[in-house]
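# Topology and contacts: notes
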Amino acid sequence: MTQSVKGMRDLWGTELRHFQFVERMCYQIMGAHGYQEIRTPIVESTDLFSRSMGSTTDIINKEMYTFKDRSDRSLTLRPENTASVVRAIIQNKLLEGNDPLHLFYIGPMFRYERMQSGRYRQFWQIGAESIGVASPESEVENLVLLFDFLGSLGLTDLSLSINSVGFPDERASFYTAFKSFFKDREASFCPDCHRRIVDNPLRVLDCKVASCQTALTGHPEILNFLSSESRSHHEKFQKCLHGSNISFSTNPKMVRGLDYYTRTTFEVISPDLGAQCALLGGGRYDRLIQDLGGPATPAFGWALGLDRLVSLLIKKNISLPSKPRILLIPLGESMLEYALQLVRPLWTTGHSIELETRGVALKKSLATANRKGHSHAFILGEGEKAKNIITVKFLMTGEQEEWPLGEITSRLTKL
RNA sequence: GCGGCUGUCGCCUAGUGGUUAAGGCACCAGAUUGUGAUUCUGGGUACCGUGGGUUCAAAUCCCAUCAGCCGCCCCA
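Residues numbered from 1 in each chain as written. Chains lettered and ligands numbered in written order. Predicted model: local features only at pLDDT ≥ 70, side-chain atom pairs only at ≥ 80, totals over all residues. Heavy atoms only, no water.

## Examining the overall build of chain A
Inclusion rule: A run of H or I in DSSP counts as a helix once it spans at least four residues, and a run of E counts as a strand once it spans at least two, with each numbered from the N terminus. The globule rule used for comparison is 2.2 Å times the number of residues to the exponent 0.38, while the radius of gyration itself is calculated over C-alpha atoms. Exposure classes here rest on a 1.4 Å probe applied to the protein chains alone. A residue is buried below 20% of its type maximum, exposed above 50%, and partly exposed in between.
Helix and strand content of chain A: 16 helices and 16 strands. Taking 415 residues into account, the globule formula puts the C-alpha radius of gyration at 22 Å, and chain A, at 27 Å, lies well above it. Burial statistics for chain A: of 415 residues in total, 49% are counted as buried.

## A look at the packing of aromatic side chains
Short version of the rule: Each Phe, Tyr or Trp ring (for Trp, its six-membered ring) is paired with any other whose centre lies within 6.5 Å, and the angle between the two planes then decides the class: stacked below 30 degrees, edge-to-face above 60, tilted in between. We call a charge positioned over a ring when the NZ of a Lys or the CZ of an Arg lies within 6 Å of the ring centre and within 35 degrees of the ring normal.
Evaluation of the coordinates by the stated rule reveals 11 aromatic pairs. Plain terms: the ring middles of phenylalanine 174 and phenylalanine 225 are 5.6 Å apart, the flat faces sit at 70 degrees to each other, and that makes the pair edge-to-face. A residue pair is termed long-range when its members are at least 10 positions apart, and phenylalanine 174 in helix α6 (residues 168-184) and phenylalanine 225 in the loop between α9 (210-215) and α10 (228-243) qualify at 51 residues. When the ring centre of tyrosine 120 is taken as origin, the NZ or CZ atom of arginine 9, which lies over that ring, is 4.0 Å away.

## Re the sheet that holds strand β3 (residues 65-68)
Note the following rule: Here, a strand pair is defined by DSSP locating no fewer than two bridges between the strands. In this analysis an axis means a line fitted to C-alpha atoms, helices contributing only their contacting stretch, and an angle means the value between N-to-C directions, from 0 to 180 degrees. The contact rule is simple, with two residues in contact once any of their heavy atoms fall within 4.5 Å.
If you walk across this open sheet you meet the three strands as β2-β4-β3, and the pairing is antiparallel. This sheet does not close on itself; its edge strands, each paired only once, are β2 (43-45) and β3. Going across the sheet, the axis of each strand differs from the next one's by a mean of 35 degrees, ignoring polarity. By the bridge criterion, three bridges tie β2 to strand β4 (residues 74-77) in an arrangement that is antiparallel. Paired with glutamate 44 across the bridge in β4 is threonine 76. Sitting on the sheet, helix α2 (residues 46-53) is in contact with β2, β3 and β4, with an inclination near 75 degrees to β2.

## Considerations on the pattern of salt bridges
Counted only if it meets this: The rule for a salt bridge is simple: a side-chain nitrogen of Lys or Arg has to be within 4 Å of a carboxyl oxygen of Asp or Glu.
Going through the model one piece at a time under the given rule, you end up with 21 salt bridges. The partner of arginine 51 in a salt bridge is aspartate 47, and the shortest N-O contact between them spans 3.7 Å. Placement of the pair is arginine 51 and aspartate 47 together in helix α2, with a separation of four residues, close to one helical turn. Owing to a relative accessible area of 47%, arginine 51 belongs among the partly exposed residues under this scheme. Look at the salt bridges and you will find they share partners, linking Arg9, Glu15 and Asp307 into a network.

## A short note on the side chain of threonine 46
For threonine 46, the location among the structural elements is in helix α2. Assessed through its relative accessible area of 14%, threonine 46 is described here as buried. Excluding its chain neighbours within four sequence positions, the residues that come into contact with threonine 46 are Met64, Thr66, Ser74, Leu75 and Thr76.

## Side note on the protein's contact with RNA strand B
In plain terms, the rule: Residues are counted as near a molecule or strand when any one of their heavy atoms sits within 4 Å of it. N or O atoms within 3.5 Å of each other form a polar contact, as long as, within protein, one can give a hydrogen and the other can take it, and as long as residues adjacent in sequence are counted only when both atoms are side-chain atoms. For this classification, Asp, Glu, Lys and Arg are treated as charged, while Ala, Val, Leu, Ile, Met, Phe, Trp, Tyr, Cys and Pro are nonpolar and the rest, including Gly, are polar.
As a matter of local geometry, RNA strand B sits amid 48 residues, with Arg111, Arg119, Arg203, Gly257 and Lys364 nearest to it. Within the backbone of glycine 383, a nitrogen or oxygen atom sits 3.1 Å from a base oxygen of RNA strand B. Within the side chain of glutamate 384, an N or O atom sits 2.8 Å from a base nitrogen of RNA strand B. Classifying every residue of the surface near RNA strand B by side-chain character gives 13 nonpolar, 14 polar and 21 charged.

Here you go:
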């Protein structure tokens, strides 16, 4: 049998309902904050990603789904969405007259990675980008949106880590100091760190090897190499977070996976997710838009892993708001025709009413309703028809009520 | 990309060379015709992930392959 491609899965049932719940809340909160949706193609020119994300990042080097199309163009399945959003902004001149832009997106991303739980080759992200404003306050606005969203899902205990990685020139002077610090004790570092110090020095900071962490004692901190402007930006950002009641911790060792970040970076990890604990991350990217050929424009945003978010909701037993699910059971074939006429106006009211059309014994229909998770059964037989009523059975308690036909809609709303 | 582990009904598992692959949950059918979820009775629904090999004999041993899991790298 042909199976789904490795790392790509089907979504249905409980898990899909959680996805849909998150998506509904996403549209609601984003809308409330004035963010507008943008949808970009899943496939882009390979160079969009190699230009935006940094040539030494793992995503570029080993994780992209890259292929040639029939015209020999190098195409790539998007591994993240920010580069595409920026491309769309430039290409469609979205900044003209719309500055600043508040955009959000939701959709599948692709990374060719070794499988592990919580890590998929097709995975879903929700992201929000705030484009055109450089202030720390706009960063906090974007994070308030994020935490309002998480709160609406019942997630209130997640901790935010923040850091600043400065601008490339600030980073360069830090690298110089850090590399000489490293060189003085290079024998104490693991082979991976010897590779990192060349490719991406910041990565040495979050090495998990204990001896490396010991060797890092007293290391130069990037915050000390920031310009006074960047430093006061960072201070103001923290002050504003306090003011908005968002709790956080500063982590000078926190490193993000993409090279385009400037100044503020942040992430949220969840201890409940095992090794793949990164739930979301983001930061400022003031140079990306110009690097991709657009006008120099500051920007800030985050991306959240929907698959991991849903697995967290399920692990934490966060229950979905449940609407009544009704099975309408006509007794006998003549009643089925009557039921069809009766249910049509009800179907326009937005309630979930499934019609039993099999014409099987009531006993069997109730068993089916129970098994499939219906909350109520509407029973419609000769007796009900004669009295112009419907029998409503509450499947949780077993209680029954008789509703006059004219009151069905109003009483449904009160369930 | 590196290292390790796993794969038996829809789900969880027993079975470690020898009859017809066992059990639980679930599912299906029934216990007199309009009442489920609780009870009772009956039913096994699986080419043991796939393909080769060893053997008189393979779910069991070997190889390959696919998928999943765990750690690393890294990331959502």
